[in-house]
Each structure stands twice: as C-alpha cells, then as structure tokens.
Amino acid sequence: MKLQFWSIGKPHEAYIKTGVDDFTARVNKYFPADWLIIPPPKNAAVLKDVELKKQEGKAVLASLQKEDVLILLDENGKQFSSPEVAGLLQQQANASTKRVVFLIGGAFGVDEEIKKRANIIWSLSKLVFPHMLIRLVVAEQIYRACTILRNEKYHHA
C-alpha cells in the first residue's frame, strides 16, 4: 500500500519542511509515502472562492485514480484518536488498497465534488490551523499510527 499526502497551495515553508521531511521519511519505513503539492490555479487571486474551489477540485480529481481511497482533511469531518487512525490504516492494508491519498484542501476548503468523492472525512480538531501546520501534523499522526500498528514505543496511551 502506498500513502500519498496531497496539499493544495504553496510548497512547504522552510520552518515546516524539515519536520514534514523527517516524518515522511519515518513513514517510509512502514509504507512508501510521498507528497504532492498541487499549486493553486494561475488566476487564483481574481477568482471567487466557489470558482477557486471548483478549479482546485478539478486538479485533484484529475490526479485521483478510481481505486484510490481518499481521506479528506476537513474541520467538519470526524475526529479520530491516534489508535483509530492506526485502525483505519490497518483496514486499508487488509483490503489490499493500493493507494491511500490524504488531501489537505486549499485556503477556502474543497469543492463539494471532492467531499462526495472522499471515502473518509477526517477532522484533526475543531480548531482551524494554517495548512502548512496541518501538513506536519498529518505526517506525524500517520507515523504515530504506523508505530501503533507495530506496537512500538513512540505512542504512549
């Protein structure tokens, strides 16, 4: 099973990149994992929020494969404990899922078509965070889930 982390927006800021790279390398010890940063449309600054989300959504849908499991990060999604996230990963591995995509939407969220396509909508918190910070938190939580699955010492319940 391959894990992909997708984020709509700018490349990782330097203060985030080190941590994201570190946790992504750690995840790679369990599952192949990498990042895809989807740039906003060239004319993003002049688009209304709804149109921007539609264009970003088209880019995401064009990159998704039919059999991909899409886990959308959204503040209105379901909250999971770290062991529950580990369970989600295990379920996908047991189902022989080829690719799990974790999607962090753009500044205004995602288009409804993306929400409809998502297999799981995951909220990290009721709080709103900068998208760059969410990249780091998601990478760390997936690493934590991997260590839970292997019963390693990183996670302390």
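Trainee: So what's going on with the sheet that holds strand β2 (residues 33-38)? Which residues, and what values?
Mentor: Pairing in this open sheet of five strands is parallel, and the strands run β2-β1-β4-β3-β5 from one edge to the other. The sheet is open, and its two edges are formed by β2 and β5 (120-122), each paired on a single side. Neighbour-to-neighbour, the strand axes of this sheet turn through a mean angle of 30 degrees, independent of strand direction. Note that strand β1 (residues 2-8) and β2 share six bridges and pair parallel. Each bridged residue has a counterpart across the sheet, and for Phe 5 the counterpart in β2 is Trp 35.

Trainee: Help me get a handle on the environment of Gln 65, residues and values and all.
Mentor: Mapped onto the fold, Gln 65 is located in the loop between α2 (49-63) and β3 (69-78). The spatial distance from the C-alpha of Gln 65 to the C-alpha of Leu 36 is 14 Å, given a sequence separation of 29 residues.

Trainee: Go over the packing of aromatic side chains, please, and point to the residues and values.
Mentor: In this structure the tally under the stated criterion is six aromatic pairs. With 5.5 Å between their ring centres and 25 degrees between their planes, Phe 5 and Phe 102 make a pair best called stacked. Taken together, the residues Phe 5 in strand β1 and Phe 102 in strand β4 (residues 99-104) connect sequence positions 97 residues apart. A residue is classified by how much of its surface remains accessible, and Phe 5, at 1% relative accessible area, is buried. Taking 6.1 Å as the distance between ring centres and 55 degrees as the angle between the ring planes, the aromatic pair formed by Tyr 30 and Tyr 143 counts as tilted. In this pair, Tyr 30 sits in the loop between α1 (14-27) and β2 while Tyr 143 sits in helix α5 (residues 131-149), placing the two residues 113 residues apart along the sequence. For Tyr 143, a relative accessible area of 11% puts it in the buried group. Put simply, the rings of Phe 5, Trp 35, Phe 102 and Trp 122 pair up and form one aromatic cluster.

Trainee: Account for the pattern of salt bridges, with residues named and values stated.
Mentor: As enumerated under the stated definition, the model contains nine salt bridges in all. When the shortest N-O distance is used, the salt bridge between Asp 21 and Lys 17 registers 2.7 Å. Note that Asp 21 and Lys 17 are positioned in helix α1 at a spacing of four residues, about one turn of the helix. A relative accessible area of 36% places Asp 21 in the partly exposed class.

Trainee: An account of the side chain of His 12 is requested, with residue identities and associated values reported.
Mentor: Within the secondary structure, His 12 is located in the loop between β1 and α1. The exposure class assigned to His 12 is buried, which follows from its relative accessible area of 18%. Polar side-chain contacts of His 12 include one of 3.1 Å to the side chain of Arg 135. Not counting the four nearest positions on each side in its chain, His 12 is found in contact with Lys 17, Val 20, Trp 35, Ile 37, Met 132 and Arg 135.

What counts and how
Residues numbered from 1 in each chain as written. Predicted model: local features only at pLDDT ≥ 70, side-chain atom pairs only at ≥ 80, totals over all residues. Heavy atoms only, no water. Pairing = 2+ DSSP bridges. Helix = DSSP H or I, 4+ residues; strand = E, 2+ residues; numbered from the N terminus. Axes fitted to C-alpha atoms, helices over the stretch in contact; angles between N-to-C directions. Phe/Tyr/Trp six-rings, centres within 6.5 Å; stacked < 30°, edge-to-face > 60°. Buried < 20%, exposed > 50% of the residue type's maximum accessible area, 1.4 Å probe, protein only. Salt bridge = Lys/Arg side-chain N within 4 Å of Asp/Glu carboxyl O. Polar contact = N/O pair within 3.5 Å; in protein donor to acceptor, adjacent residues only side chain to side chain. Contact = heavy atoms within 4.5 Å.

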